[in-house]
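Read off the chains here:
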Amino acid sequence: MTDLGPVVWPPAPIRTGRLVLREPEARDRAAFIELLSSPEVHTYLGGPRPRHELESELPDVPERWPGSFVVELDGSMVGQILLRRATEHRRPAATGKADLGYLFLPRTWGCGYAAEACAAALDWLADALPGEPVVLTTQTANVRSLRLAAELGFTEVERFEAWGAEQWLGMRTPPTPSD
């Protein structure tokens, strides 16, 4: 995965009804450690990273590159949105396209924050790179993620076996401008 290419970064913070999407800051480090070491968050992602490794390896300002948004609620990080270029994806249909990923702390699940934040990030991408299709991969066992993908307008391209589980690859094609 690589960055998105010719996008202005960092953008001004993106505000939704309840959230702010912004560039990561040093104050987010503890939340990143919590997010990346959470067994619940990583149920469908191959398992969590050990907390002690993250504490010693994570830089003071984590994940600071174009397409990495912290999702903030009431002044605190509650999740992360990732938009990256899928340069070496396992599936040819995804290669070269923007890839959407997201992680949210379990205490925020079921509140609609992922849908709100992902929709805002996708709107930002549509403005920054008009016409860019976006892919999303999740395990078919991750029912919440499949539901969110459908809500965001992703449609199934294929299912495949990887990382010891069946995976779902969806694509969201940007709307065609009307004449």
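Residues numbered from 1 in each chain as written. Predicted model: local features only at pLDDT ≥ 70, side-chain atom pairs only at ≥ 80, totals over all residues. Heavy atoms only, no water.

**Digging into the sheet that holds strand β1 (residues 14–15)**
Judged by pairing direction, the sheet is mixed, and its eight strands sit side by side in the order β1-β2-β3-β4-β5-β6-β8-β7 without closing on themselves. Two strands in the sheet have a free side with no partner beyond their single neighbour: β1 and β7 (155–162). Against the sheet, helix α1 (residues 29–36) touches β3 (68–73), β4 (76–85) and β5 (98–104), its axis set at about 70° to β4. The strands that helix α4 (residues 143–151) touches are β5, β6 (134–139) and β8 (165–172); relative to β6, the one it contacts most, it runs at about 160°. (Pairing = 2+ DSSP bridges. Helix = DSSP H or I, 4+ residues; strand = E, 2+ residues; numbered from the N terminus. Contact = heavy atoms within 4.5 Å. Axes fitted to C-alpha atoms, helices over the stretch in contact; angles between N-to-C directions.)

**Observations regarding the layout of surface pockets**
Of the pockets and cavities examined, the largest pocket occupies roughly 1,400 Å³. If you trace the largest pocket, you find 46 residues lining it, with L45, Y102, L103, N142 and S145 closest to the centre. Contributing elements (two or more residues each) for the lining of the largest pocket: β4, β5, α3 (113–128), β6 and α4. Of the residues belonging to the lining of the largest pocket, the class tally is 22 nonpolar, 15 polar and nine charged. (1 Å grid on protein atoms, 1.4 Å probe; cavity = no way out; pocket = protein on both sides within 12 Å on 5 of 7 lines; lining within 4 Å. Points joined across faces, edges and corners; volume = space filled by probe spheres on them. Nonpolar A, V, L, I, M, F, W, Y, C, P; charged D, E, K, R; others polar.)

**Focus on the pairing of β7**
Strand direction decides the pairing type here: β7 and β8, joined by seven bridges, are antiparallel. Paired with T155 across the bridge in β8 is M171. Once β7 ends, the chain turns through two residues before running back antiparallel as β8, passing W163 with a positive phi of about 55°.

**Section: the nonpolar core**
Core analysis: the biggest nonpolar cluster contains 33 residues, and L21, F69, I81, L100, W124 and F154 have the highest contact counts within it. Broken down by secondary-structure element, the contributors of at least two residues to this core are β2 (19–22), β3, β4, β5, α3, β6 and α4. Per element, the largest residue contribution to this core is nine residues, and it comes from α3. Apart from residues lying up to four places away in sequence, W124 is in contact with L4, V7, V8, W9, P11, I14, F69 and L83. Among the nonpolar cores identified, the runner-up in size contains twelve residues, and F32, I33, L36 and L58 belong to it. (Core = buried A, V, L, I, M, F, W, Y, C linked by side-chain atoms within 4.5 Å. Buried < 20%, exposed > 50% of the residue type's maximum accessible area, 1.4 Å probe, protein only.)

**Here we look at the side chain of R85**
For R85, the position within the fold is in strand β4. Using a relative accessible area of 14% as the deciding quantity, one classes R85 as buried. For R85, the side chain forms a polar contact with the main-chain oxygen of L4, separated by 3.2 Å. Within the structure, the side chain of R85 is placed 3.1 Å from the backbone oxygen of G96, a separation counted as a polar contact. (Polar contact = N/O pair within 3.5 Å; in protein donor to acceptor, adjacent residues only side chain to side chain.)

**Re the confidence of the model for the chain**
For the chain, the mean per-residue pLDDT works out to 90, and 94% of the residues sit at or above 70. Of all secondary-structure elements in the chain, the lowest mean pLDDT belongs to helix α2 (residues 51–57), at 91, while β2 reaches the highest, 98. (pLDDT = per-residue confidence, 0-100.)

**A few points about unusual backbone geometry**
Cis geometry is found at the peptide bond from W9 to P10, where omega equals -5°. Checked against the element boundaries, P10 lands in the segment before β1. With phi around 50°, D74 is a residue other than glycine that occupies positive phi space. By the element assignment, D74 lies in the loop between β3 and β4. Overall, the relative accessible area of 73% leaves D74 in the exposed class.

**Things to note about α4**
Listed as buried for α4 are S145, L148 and A149. Down the axis of α4, the smallest arc covering the buried residues is 105°, so these residues share one side. Of the exposed residues in α4, the ones pointing more than 90 degrees away from its buried face are V143, R147, A150 and E151. Looking at the buried positions of α4, the neighbouring elements they touch are β5, α3, β6 and β8. At the C-terminal side of α4, G153 shows a positive phi close to 95°. (Arc of directions from axis to C-beta.)

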